[in-house]
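# Inside the fold
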Amino acid sequence: MKYLSEYRNPEVVVQYLDKIAKIATQKWTIMEVCGGQTHSLVKNGLLNLLPENVQMVHGPGCPVCVTPLHLIDKAVYLAEEKGVILCSFGDMLRVPGSKKSLLEAKASGADVRILYSPLEAVKLAKENPQKEIVFFAVGFETTAPANALSVIHAQREGLKNYSILTSHVLVPPAIEAVMNDDATAIQGFLAAGHVCTIMGIDDYYPISKKYHIPMIVTGFEPVDLVQGIYMTIRQLEEGKAEVENQYGRVVKPEGNPEARKVIETVFKICDREWRGIGVIPNSGYELRPEFADFDANIKFDVKIDKVEESKECIAGLVLKGIKKPYECSQFGKKCTPTSPLGAPMVSSEGACAAYYHFSQIANN
Amino acid sequence: MQLQCPMPKVDFEMITLGHGSGGLLTNKLLASGVFDLLKNDLLDERHDGAFINLQGKTAFSTDSFVISPIFFPNSNIGELAVNGTVNDLAMCGAIPRYLSLSFILEEGLSMQEFWEVLVSIKFACEKAGVCVVTGDTKVVEKGKGDKIFINTSGIGTVHPQANISLKNVNAEDSLVISGNVATHGIAIMSVREGLQFDTDIQSDTQALNSAVLTLIEKFGNDVHLLKDPTRGGVAAVLNEIARDTHLGIDLFQKNIPIDEQVEGACEILGLDPLYVANEGIFLSIVNSEIAEDYVQLLRTLPEGKNAQIIGKIVDAHPKQVILQSSIGGKRVVNMPVGEQLPRIC
């Protein structure tokens, strides 16, 4: 497969692993920010191939994992009580709210649908003028353009029955939140390639400088990951702290200006609550006032009580990379993918589920 | 194929509740051509059940089919319902003989669609060499079903040389797959509402009994276990085997055959092909001494062109399936939790 097979070449992976082993003279701790990278690291068994002194820590880049509990409750409420057709990306469905997940709401009769694109939801709104269609707009900067575009389309079509329930989160403020935690041990970052495809890499220069930390924009295939790790360690060994782009075949320094324009037209930056972490200033998107008609939060003004997270769940520490999933007392015991205590055990991108599904450690 | 069996002239265009009442309308539906289409001596007796004579060890299996949509690239629920039970019997080392066929129809189903499904059933039966000898039709109110649900049960005669059992699985046995993984599941997904994408991936549903028979006649009790990895995919079946035998399974990712388009679709949808449903392939656990010959023979058969040895049974890591990734890493392949849900990004 063009552009994939080259980046899955075992010989090249081994070459980079050798190079990493040769240059890493001490213990280094690197965080891969994006859940997709976590998924690939464990799926390909890469963690077991890295030298022992190179520690990978899984970051908060799983949008499903950081969507606040009360927002899931709200989605469930809208689907069950307001009779809306609640549309969502697939892996959001299994995440437990305080009482039930969207999948359970669906089983009890609510109209919950899995879509690949919010534009499908707009189509649904057009086809069902008598029904309210709500799209659960979660995700990082990667899903924001399509979600924004859906609002533009709905406005252009004059649709009154389409709205989005927004829980967009942004990567750079999350990286800062990780670094601002005194307990952090992170010495370098693999920045999320897909996010940079949209947003470009400019945001990372000030962060790299402020915290004196190497940041390598990295892709998702095995060769991407080992190359990104190699580049990070090379900088660390040389005492450098720069932004580099490993994913140059996809990421342009300026990102995708068209997509950014769409985002800026529809969304503005806001403070956002991250599940397990708390409110991070300027870390999310919300709809601009001129698109208020498409804001499910305004359209359906329901008060959802905030519920305490399970005290046994250390999701916040896992998401910030302070603890490994298997260091949790409930990992694989009370907390499994069938009965998750926290969201990172649900999404296949979540650090806990990734470990549970793919790592040897989970079962030994 | 449908052209050979034109729909009979009937004075109704859709199925109504009355067609499941057991009365005149039911008789009208059956007399419209259902019996003729599936005609055989045993069915023609039109009794409450079929009288059959079987000799020797007999295998018996049942399966229900609720697939949505009922028509999908290259096939439909009817063919699937026949092949599904035929293959379950084949996995027992049996030669499938007789099927029962039960429909639960949703009120409002068009007669045209029902007829197309029936015709597919007829041809699938002919291809697999089985007869429908008894059946049932019920109709449920609109909204209480999803067009058509089908249950088939089947009886087959176990081949005298077959000795298929979990008990026969030993460490060092080889794991063979007969063809590409994930094809059927991705073909279905490509036509699901809300997930449609342009592709020419077609379901690979097919009867596997003829291929299995050829293999058993040649390799007899060196064939230790046969399984068709349908729901839950290869991962679920292998986990069941590992759990029940208390043995470990090593999987070699680089040997697992997959169509390039299917692989691409899995990438885009964020699905792991090992967990995607299959219909037209089977897994064999065989004595490692004959594994190469087994694969060679399988590859000469139309059902097994892409056959590969994809793993081996081991004493190490009991009850665990461990994949050796193409790049040399290792990971545990766990039992799937529920249905695979597409990832956000």
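Residues numbered from 1 in each chain as written. Chains lettered and ligands numbered in written order. Predicted model: local features only at pLDDT ≥ 70, side-chain atom pairs only at ≥ 80, totals over all residues.

### As for the UniProt feature "domain: PurM-like N-terminal" (unreviewed entry) in chain B
We count it as follows: UniProt positions are given in the numbering used here, feature names are shortened, and annotations may be inferred rather than shown by experiment. Only DSSP runs of H or I with at least four residues qualify as helices, and only runs of E with at least two residues qualify as strands; both kinds are numbered from the N terminus onward.
Here the UniProt-annotated "domain: PurM-like N-terminal" (unreviewed entry) positions come out as residues 48-158 of chain B. Secondary structure over residues 48-158 of chain B splits into 30% helix and 41% strand, and the C-alpha atoms at its two ends are 26 Å apart.

### Points about helix 12 (residues 257-266) of chain A
Residue and element names in this part refer to chain A. Stated precisely, the cut-off is as follows: The burial criterion counts other C-beta atoms lying within 10 Å of a residue's C-beta, which is placed from the backbone; the residue is buried at 20 or more, exposed at 12 or fewer, and partly exposed between these limits. Summarising the geometry, the arc corresponds to the directions from the helix axis toward the C-beta atoms. A pair of residues counts as a contact when their C-beta atoms, built from backbone coordinates, are separated by no more than 7 Å.
Val262, Ile263 and Val266 are the residues of helix 12 that are buried. Buried residues along helix 12 cover an arc of 100° about the axis, so they all sit on one side. Of the exposed residues in helix 12, those oriented more than 90 degrees away from the buried face are Pro257 and Lys261. Turning to helix 12, the residues buried within the fold contact helix 7 (144-156), strand 10 (267-274) and strand 11 (278-287).

### Digging into the sheet that holds strand 9 (residues 243-245) of chain A
Residues and elements named next belong to chain A. Put simply, the test is: Paired strands, as defined in this entry, are two strands with at least two bridges between them according to DSSP. Axes, fitted as lines to C-alpha atoms, cover a helix only where it is in contact. Angles between the N-to-C directions of the axes lie from 0 to 180 degrees.
Pairing within the open sheet is parallel, and its five strands lie in the order 2-1-7-8-9. Every interior strand has two partners, whereas the edge strands, strand 2 (54-61) and strand 9, have only one. Sheet twist, expressed as the average angle between the axes of neighbouring strands with direction ignored, equals 25°. By the bridge criterion, three bridges tie strand 8 (residues 215-218) to strand 9 in an arrangement that is parallel. Residue pairing across strands places Met215 opposite Val243, the latter belonging to strand 9. Contacts from helix 2 (residues 35-43) reach strand 1 (28-34), strand 2, strand 7 (188-192) and strand 8 within the one sheet, and its direction differs from that of strand 1 by about 120°. Sheet contacts for helix 11 (residues 222-237): strand 1, strand 2, strand 7, strand 8 and strand 9; angle to strand 8, the most-contacted strand, approximately 170°.

### What to know about the sheet that holds strand 3 (residues 85-88) of chain A
Residue and element names in this part refer to chain A. In space, the six strands of this open sheet follow the order 4-3-5-6-11-10, with mixed pairing throughout. With partners counted over all chains shown, the strands left at the sheet margins are strand 4 (112-114) and strand 10, one partner each. Across this sheet, the average inter-strand angle for adjacent strands is 25°, counted without regard to direction. Across three bridges, the pairing between strand 3 and strand 5 (residues 133-139) is parallel. The partner of Ile85 across the bridge, within strand 5, is Ile133. Packing of helix 4 (residues 69-81) onto the sheet brings it into contact with strand 3, strand 4, strand 5 and strand 6 (162-169), and relative to strand 6 it is tilted by some 165°. Helix 8 (residues 171-180) rests against strand 6 and strand 11 of the sheet, and its axis sits at about 180° to strand 11.

### Looking at the nonpolar core
This is how it is decided: Only buried Ala, Val, Leu, Ile, Met, Phe, Trp, Tyr and Cys residues enter a nonpolar core, and they are joined through C-beta atoms within 7 Å.
The biggest cluster of nonpolar side chains holds 126 residues, and the ones touching the most others in it are Leu86(A) and Val134(A). Ranked by residues supplied to this core, first place goes to helix 11 of chain A with eight residues. Judged by nonpolar contacts, the second largest core, of 95 residues, contains Ile188(B), Ile201(B), Leu251(B) and Val333(B).

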